[in-house]
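One-letter residues, chain by chain:
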Amino acid sequence: MVHEEGDVKSNPSQQQSISTHSEVAQSAGIGVEVQGLVKRYGTLVALDHVSFNVKAGELFALLGPNGAGKTTLLHILCTILSPDEGRALIAGADVVQQALRARRRLGVVFQEPSLDDRLTVYENLEFHGLVYGVPAALRRKRIDEMLHVVELSDWRERLVRTLSVGMKRRLEIARALIHDSRVLFLDEPTVGLDAQSRARIWRYLHDLRQQRDLTLIVTTHYIEEVEQADRVAIIDQGKLLAIDTPLALKSAHGHEVLEVSPINAEVRAHILAEYQNKIVKTSEDQLTLKVEDGRFIEHFLSIYGSQVRAMTRIEPSLESVFLSLTGRAIRDQEASARERTLAFGKQGGEHTR
Amino acid sequence: MSAMSPSQDDDNEFATLVRVICGGVFAIWLREVKRAFRDRGQLFGGFSRPIMWVVIMGVGLNPYFRGEVYGEVRFVVPYTYLQFIFPAVIALNILYTSVQAAVSVIWDREFGFLREVLVSPMPRPFILFGKVLGGATVAMFHGSLALVLSYFADVPISSADILSGLGLMFLLAFGLTSLGVIIANRIRSFEGFGVFSNAVILPLYFCSSSVFPLDPALTAAQTRVVYPDWLVRVVELNPLTYAVDSLRGNFIHFYQFDPRLGPLIMAGMAVLFFGIALAEFRRN
């Protein structure tokens, strides 16, 4: 449980210093400040001294496989988990010492939907506005604005259970912006959506960034979505491996690769033996080789040109950056510990939603 | 669309906090109430349960209840069986609905709605307070549904009785909803309401002197002649006994125990259970 009364009962002089601090953070343009965060679960280190800053107004992506520590980090930043060491500031407010203040400044879109299915679209937004203490007139205005942005104005009075998955996600984004959120966290906002809905969500996010001063922190495992971020942090096993613009990451860690499908097992064995130190990845009928200079492909073709079924040259991408930093590909995730209960609920178990 | 609303000032911390708490408790309460009225199954239960207990069970057992002589012991409860169980059915309805509110705590947790409130600037105690308040309101409403049957049960009710009765019902509902939340906190995998019903509701109900009286006209020794010793003890230890007794006193003016005991024990339950639920909620 996070300490909550800190920012409420603090004495005037302390409040003075707090507001000065946040002003400093604002003027320095820092949206989120993370300093030496450590979180342990028993002997497992979920976060290992993670530090970084996110500038105000930045689109910041967190990239990492399932279990890398992304969600732990996000939960600490959202004040629902407290760190064992280190501290984090949201728009100048400490997530542990000033949790209530930090919460007023952040909006969250969780990976699993957290809407109330039995309330209407409007009622969900109204609930959010009330819980965040948004004054009535502003609340109504914001609800209209946000529904317009995510194109759900016509669905206002519909029960949320009648909405599609994509619409629910849009509604959640709208909801996170009913109050004065300055930092918006999105945990896999496009997972489980079709390409069209994904593009739509990104369009809304870009629109919103232009309309209001908003810092976006997004976790995703769709590499192509990360490409549009201002900066990317790559996390694996609780450690921050790299943090930079997508372009800089690609030029520093990315490399060209060659995917080849040998015609038979014999050829495969030959290639494996000859290019031992160049093999990046092997699968049943495909080998991935690192291309260090242009002459390599020429060289490879002169020997094996007639003995491969297919060959693809792949330009450096964040995928290959990730591969070279962590030594493995980003896996698709999905898997819930509470499947039984959820399945029961989805079947329409009694007194559920 | 270009001009988004101006940023709210958070200079006045205290005013913001008060607005968050008042608005938040209201929003959470309203959500509980709205959800309950949209759940047809729950509403149906709220109507059908009292009908079955009063019209079938009550009418069926009515002839066997009054003024009978069993051996040397004569019962002196001066009411019909229908009148006798009528207030207990109110308690039963409250019991069911309070526990259903607890089940909604499980769904909020599993389906993530709880997180929406946990990342909000609402202080934790008020989140729980709103939730319990909402559950208790709905439970009180379901309890009062049973009042519709007062005509069949031959229980004349004055408006003063209704008012004080609603107060008692709310007190009971608040305690029971808190108890439900405590139980819900201990449940990791939930696959049905049946467990609750069989493990919590029915034992509490049957052991609360709801369907049979511990006749106050009998001495302790005589009571133990009629009923086994363990049963008498269980009934006396069950806090719901005193709640049922209090409701019975309110509606048919018949008390088996000291009339002051009921409200006291109900208030104690409300404070104790809410306190425990709160301590656990803050810890998680």
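Quick caveat: nothing in here was measured; it's all calculated off a predicted structure.

Draft legend 1. Layout of the overall build of chain A. A count of helical and extended segments in chain A gives 14 helices and 14 strands. Buried positions account for 42% of the 353 residues belonging to chain A. Counted over contacts in chain A with a minimum sequence separation of 6, partners at least 24 positions apart contribute 71%.

Draft legend 2. The arrangement of the overall build of chain B in detail. Counting its regular elements, chain B contains eleven helices and two strands. Taken from N to C terminus, the helices and strands of chain B fall in the order α-α-β-β-α-α-α-α-α-α-α-α-α. When contacts within chain B are restricted to residue pairs at least 6 apart in sequence, long-range pairs at least 24 apart make up 83% of them.

Draft legend 3. Inspection of the nonpolar core at higher detail. Core analysis: the largest hydrophobic core is formed by 154 residues, its most contacted members being F185 of chain A together with A91 of chain B. The leading source of residues in this core is helix α3 (residues 81–110) of chain B, at 20 residues. Discounting chain neighbours no more than four positions away, the residues touching F185 of chain A are L74, L77, C78, L106, V108, V109 and I217 of chain A. Among the nonpolar cores identified, the runner-up in size contains seven residues, and V257, L258, I271 and F300 of chain A belong to it.

Draft legend 4. Structural detail: the domain arrangement of chain A. In terms of domains, chain A is made up of domain 1 (6–249) and domain 2 (255–315). The straight-line distance from the C-alpha centre of domain 1 of chain A to that of domain 2 of chain A is 43 Å.

Draft legend 5. Quick peek at the environment of R224 of chain B. All names here are of chain B. Along the chain, R224 turns up in helix α8 (residues 220–226). For the pair formed by R224 and I85, sequence separation is 139 residues and the distance between their alpha carbons is 22 Å. Residues within four places of R224 in sequence aside, it is in contact with D229 and V232.

Draft legend 6. Looking closely at the sheet that holds strand β12 (residues 279–282) of chain A. Residues and elements named next belong to chain A. The antiparallel open sheet is built from four strands, whose spatial order is β12-β13-β11-β14. Strand pairing shows two members of the sheet lacking a second neighbour, β12 and β14 (308–314), which therefore form its edges. Each strand of the sheet is rotated relative to its neighbour by a mean of 20 degrees, with strand direction disregarded. Pairing of strand β11 (residues 256–262) with strand β13 (residues 287–291) involves five bridges; the strand directions are antiparallel. Residue E259 lies in a different strand from β13, and its bridge partner there is T288.

Draft legend 7. Quick look at the pairing of strand β10 (residues 239–244) of chain A. All names here are of chain A. As paired strands, strand β9 (residues 231–236) and β10 are joined by five bridges and run antiparallel to one another. Across the sheet, the residue bridging to D236 is K239, located in β10. From the end of β9 to the start of β10, which pair antiparallel, there are two residues, and Q237 there has a positive phi angle of about 45 degrees.

Draft legend 8. Structural view of the packing of helix α1 (residues 13–38) of chain B against helix α5 (residues 124–145) of chain B. Residue and element names in this part refer to chain B. Where α1 meets α5, the closest approach of the two axes is 8 Å, and the angle between their N-to-C directions is 35 degrees. For the pair α1 and α5, the sense of crossing is right-handed. In this structure, α1 contributes I21, G24, V25, I28, W29, R31, E32, V33 and A36 to the contact, and α5 contributes F126, I127, F129, G130, K131, L133, G134, G135, T137 and V138. Tallied by class, the residues present in the contact of α1 with α5 amount to eleven nonpolar, five polar and three charged.

Draft legend 9. Structural view of unusual backbone geometry. All names here are of chain A. Here the phi dihedral of H49 falls at roughly 45 degrees; this positive angle occurs in a residue that is not glycine. Checked against the element boundaries, H49 lands in strand β2 (residues 44–55). When the 14 C-beta atoms within 10 Å are taken as the criterion, H49 is described as partly exposed.

Draft legend 10. Highlighting the pairing of strand β7 (residues 183–187) of chain A. Residue and element names in this part refer to chain A. β7 sits mainly inside the fold: five of its five residues count as buried. Taking every second residue as pointing to the same face, both faces of β7 are buried, with V183, F185 and D187 on one and L184 and L186 on the other. Bridge count for strand β6 (residues 106–109) against β7 is four bridges, and the pairing is parallel. Its bridge partner lying in β7, G107 is registered against L184. In terms of strand pairing, β7 meets strand β8 (residues 215–220) through five bridges, oriented parallel. Counterpart to F185 in the pairing with β8 is I217.

Draft legend 11. View of the packing of α3 of chain B against helix α10 (residues 239–252) of chain B. All names here are of chain B. With their axes 8 Å apart at the nearest point, α3 and α10 run at an angle of 125 degrees to one another. As judged from the angle between their axes, α3 and α10 are oblique. In terms of crossing hand, the pair formed by α3 and α10 is right-handed. Between α3 and α10, the residues in contact are Q83, F86, P87, A88, I90 and A91 and L240, A243, V244, L247, R248, F251 and I252, respectively. The class makeup of the residues in the contact of α3 with α10 is eleven nonpolar, one polar and one charged.

Draft legend 12. Structural view of the sheet that holds β2 of chain A. Residues and elements named next belong to chain A. One open sheet accounts for four strands, arranged β2-β1-β4-β5; its pairing is antiparallel. Only two strands of the sheet have a single partner each, and these edge strands are β2 and β5 (93–94). Sitting on the sheet, helix α3 (residues 70–77) touches β1 (30–41), β2 and β4 (85–90), and the angle it makes with β1 is about 120 degrees.

Draft legend 13. Examining the environment of S251 of chain A more closely. Looking at the secondary structure, you find S251 of chain A in helix α10 (residues 246–253). Between the alpha carbons of S251 of chain A and V34 of chain A there is a distance of 26 Å; along the sequence they are 217 residues apart.

The rules behind these values
- Residues numbered from 1 in each chain as written.
- Chains lettered and ligands numbered in written order.
- Predicted model: local features only at pLDDT ≥ 70, side-chain atom pairs only at ≥ 80, totals over all residues.
- Helix = DSSP H or I, 4+ residues; strand = E, 2+ residues; numbered from the N terminus.
- Buried ≥ 20, exposed ≤ 12 C-beta atoms within 10 Å, placed from the backbone.
- Contact = placed C-beta atoms within 7 Å.
- Core = buried A, V, L, I, M, F, W, Y, C linked by C-beta atoms within 7 Å.
- Domains from an automatic or database assignment.
- Pairing = 2+ DSSP bridges.
- Axes fitted to C-alpha atoms, helices over the stretch in contact; angles between N-to-C directions.
- Left-handed = near helix turned anticlockwise from the far one by under 90°.
- Nonpolar A, V, L, I, M, F, W, Y, C, P; charged D, E, K, R; others polar.
- Parallel < 35°, antiparallel > 145°, perpendicular 65-115°, else oblique.

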